[in-house]
Amino acid sequence: MTEPKRILIVDDEVGFTEMVKLNLEDTGRFLVRIENDSTRAFETALGYRPELILLDIIMPEMEGPDVLCQLRENEQTAQIPIIFLTATVRKSEVNQEDGFISGYPFLAKPCTVEELIQAIDQNI
Amino acid sequence: MDTELKRTLQVLIVENNDVDRAVLINMLSKAPYGSFQISATDSLQETFELLKQSLVDVVLLDLNIKDSNGIDTLKRLHGRYPQLAVVVNTGEYQDDLGLRAVTMGAQDYLIKGMYKSYGLVKALYYAIERKKAETELHKAMDELKEMQAQLIRAEKMNVVGGVASGIAHEVKNPLATILYGVEYLNTVLKDGDDKIELTLRSIKDAAYKANSIIKDLLDFASLSDIKRDLCPIERTIEQGLVLTHHQCEKFQIKIVKHFATNLPNVLIDKNRIEQVVVDLILNAIAVMKNGGTLTIRTTRKIFDRSDISVASNLTDSIAVGEDVLIVDFEDTGKGIPDEYLEKIFDPFFTTHRAAGGVGLGLSIARTIMDSHGGMIDLANKEDKQGARARLVFKVNGK
Ligand SMILES: Nc1ncnc2c1ncn2[C@@H]1O[C@H](COP(=O)(O)OP(=O)(O)O)[C@@H](O)[C@H]1O
Ligand SMILES: [Mg+2]
């Protein structure tokens, strides 16, 4: 058995993060850490060293893109792959190429668990 | 009035008393100013004939003539020719007759024997001027009403748009939570009994339904960002058909395509127009749940008034005489009741609420067509056997 992959989810929607954790860990392939406070996302990432981060865009206090900047500015977190998860995006809002927000892959909520796992596998 | 004075006025005298008629002609020939071309008749029947054949500036109308009597004469003339300037010329003096004549479409009234040449000529000129002013006023009123209708529509859209994006975020998050919860329970209760399975499926369906309503709202709110390219319209229609194929099969709807050959490409946002096409097909399916035929027709032609029904013709984005491409969707459903024709484009108007209709399809479609400088029209077919949805695109759209 391969080691489960460490995933960090940063999203203020508590119930949603719990459900993502349940579903992903249920497969036996992932270990999920939840961060509901985006202002602490960077620190948590630094400590947890996830192999991929699921990042909500619209959050109170600090929005997804700002978290992304913090992560990119530190060389220990700069290389961690990111997938944006968002509830507001429509296809037409996303920069031309389907499935990317300013170069990063994204998933529109609600998406199926299957789609989520597929996206993680493609980007890890 | 200056230019009117230089022109020869076409005056039609409707009078069945020979003497009175002679007097009128004589008065006009001796008029202090103006020049007149006079025709005369003694019946309403012939009046209509004459009006059909030649231009008349003003009618001098006796109310009691061969085939009509009293105020009714005016009513009938005005009913048929509302744009015509009319001066009533009556022999019987009644107190309120003048007032009644004026409220019923005449511009002035004269009582026989009570006026001279000068008064007559003045009445004729004034009647023409009044009629002109009245017509312009009507036109301005119509424009105002139309503008008001557009404003109300725009206002509704704005409110919906602003609220929509806010709601979307707030609602989609809990929906995502519900759906992931259901998925988890599904894996855990893999061998659960039928009731559990049914429950989970119902929860999931309900969540997806709510999600699609939110999606409609968002589409509605984001109609400004369109991206247009020159595209063959058939391809977008075919794409819409692919997306609705399953539904068409389910309700046994036959698709008949009459695509004109050698059509030019049109400047459209493919995704948006595809959305319009899908909406129109779904609307057609909704009224043909027991089967039917959907005929899709494309035509290139020179646009004229009759291409669009009155009810839908609120925005005048296409001028008569323009080179246009028309796409028709003709169904064999129950058609649209007359009293709904003015409402079907309103946001949230639906007659399919029980079947899950939200009532945004046509208002979104209209906004999309507006933003393309095109038009959308819905009417009952001439044979009354169903409805026809029509899209009009400018061939050289800007
Ligand atoms: N092809 C059609 N035949 C008859 N009625 C129609 C047709 N298309 C639209 N309508 C009427 O217009 C209404 C509004 O349509 P729409 O805006 O697409 O909303 P919805 O489809 O959700 O009802 C429909 O509920 C129906 O009453
Ligand atoms: Mg519809």
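## Here's the deal with the site of ligand 1
Residues and elements named next belong to chain B.
Turning to step 1, where the next piece is worked out: Around ligand 1 there are 18 residues in total, and D331, T350, T351, G359 and L362 lie nearest to it.
Turning to step 2, where the next piece is worked out: Take N283: an N or O atom from its side chain is 2.9 Å from an oxygen atom of ligand 1.
Turning to step 3, where the next piece is worked out: Across the complex, the protein chains shield 92% of the 530 Å² of accessible surface that ligand 1 would expose by itself.
Turning to step 4, where the next piece is worked out: Class assignment for the residues of the shell around ligand 1 results in nine nonpolar, eight polar and one charged.

## Examining the interface of chain A and chain B
Turning to step 1, where the next piece is worked out: In this assembly, 20 residues from chain A lie in contact with 22 residues from chain B.
Turning to step 2, where the next piece is worked out: When chain A packs against chain B, the two sides together hide about 1,900 Å² of surface, and 61% of this comes from carbon and sulfur.
Turning to step 3, where the next piece is worked out: Counting every contact that joins chain A to chain B gives seven residue pairs in polar contact (both at pLDDT 80 or more).
Turning to step 4, where the next piece is worked out: Sort the elements by how many residues they give to the side of chain A that touches chain B and helix α1 (residues 14-26) of chain A lands first, with seven residues.
Turning to step 5, where the next piece is worked out: By residue class, the composition of the side of chain A that touches chain B is 10 nonpolar, six polar and four charged.

## Notes on the pairing of strand β9 (residues 292-302) of chain B
Turning to step 1, where the next piece is worked out: Sheet analysis places strand β7 (residues 253-258) of chain B next to β9(B), joined by six bridges and oriented parallel. Across the sheet, the residue bridging to K254(B) is T293(B), located in β9(B).

## Considerations on the pattern of salt bridges
Residues and elements named next belong to chain B.
Turning to step 1, where the next piece is worked out: Considering all chains together, one arrives at 21 salt bridges over all chains under this definition.
Turning to step 2, where the next piece is worked out: Across the pair D57 and R7 runs a salt bridge, and its minimum N-O distance is 3.2 Å. Highlighted residues: D57 in the loop between α3 (44-53) and β3 (58-61) and R7 in the loop between α1 (2-6) and β1 (8-14), separated in sequence by 50 residues.
Turning to step 3, where the next piece is worked out: On the basis of relative accessibility, which here comes to 19%, the residue D57 falls in the buried class.
Turning to step 4, where the next piece is worked out: Its relative accessible area of 34% is what places R7 among the partly exposed residues.

## Examining α3(B)
Residue and element names in this part refer to chain B.
Turning to step 1, where the next piece is worked out: Every buried residue of α3 is listed here: L44, T47, F48, L50 and L51. All buried residues of α3 project into a common sector of 165 degrees when viewed along the axis, lining one side. Residues of α3 that are exposed and point more than 90 degrees away from the buried face comprise Q45, K52 and Q53.
Turning to step 2, where the next piece is worked out: Among the structural elements, β1, β2 (35-41) and α4 (71-80) are those in contact with the buried residues of α3.

## What about the confidence of the model for chain B?
Turning to step 1, where the next piece is worked out: When pLDDT is averaged along chain B, the result is 87; 90% of the residues meet or exceed 70.
Turning to step 2, where the next piece is worked out: Confidence metrics for the complex model read pTM 0.51 and ipTM 0.81.

## As for the side chain of S38(A)
Residues and elements named next belong to chain A.
Turning to step 1, where the next piece is worked out: The residue S38 is located in the loop between β2 (30-35) and α2 (41-48) in this model.
Turning to step 2, where the next piece is worked out: Using a relative accessible area of 2% as the deciding quantity, one classes S38 as buried.
Turning to step 3, where the next piece is worked out: Residues within four places of S38 in sequence aside, it is in contact with V10, M59, P60, M62 and V67.

## Considering the packing of helix α9 (residues 270-286) of chain B against helix α10 (residues 361-371) of chain B
All names here are of chain B.
Turning to step 1, where the next piece is worked out: Contact geometry for α9 and α10: axes closest at 9 Å, N-to-C directions at 145 degrees. The way α9 lies across α10 gives a crossing that is left-handed. Between α9 and α10, the contacting residues are R272, I273, Q275, V276, D279, L280 and N283 on the first element and G361, L362, I364, A365, I368 and M369 on the second.
Turning to step 2, where the next piece is worked out: Looking at the contact of α9 with α10 residue by residue, the classes come out as eight nonpolar, three polar and two charged.

Reading guide: rules and limits
Residues numbered from 1 in each chain as written. Chains lettered and ligands numbered in written order. Predicted model: local features only at pLDDT ≥ 70, side-chain atom pairs only at ≥ 80, totals over all residues. Heavy atoms only, no water. Near = heavy atom within 4 Å. Polar contact = N/O pair within 3.5 Å; in protein donor to acceptor, adjacent residues only side chain to side chain. Areas by Shrake-Rupley, 256 points an atom, 1.4 Å probe, with all protein chains shown as cover. Nonpolar A, V, L, I, M, F, W, Y, C, P; charged D, E, K, R; others polar. Contact = heavy atoms within 4.5 Å. Buried area = accessible area lost by both parts, 1.4 Å probe. Helix = DSSP H or I, 4+ residues; strand = E, 2+ residues; numbered from the N terminus. Pairing = 2+ DSSP bridges. Salt bridge = Lys/Arg side-chain N within 4 Å of Asp/Glu carboxyl O. Buried < 20%, exposed > 50% of the residue type's maximum accessible area, 1.4 Å probe, protein only. Arc of directions from axis to C-beta. pLDDT = per-residue confidence, 0-100. Axes fitted to C-alpha atoms, helices over the stretch in contact; angles between N-to-C directions. Left-handed = near helix turned anticlockwise from the far one by under 90°.

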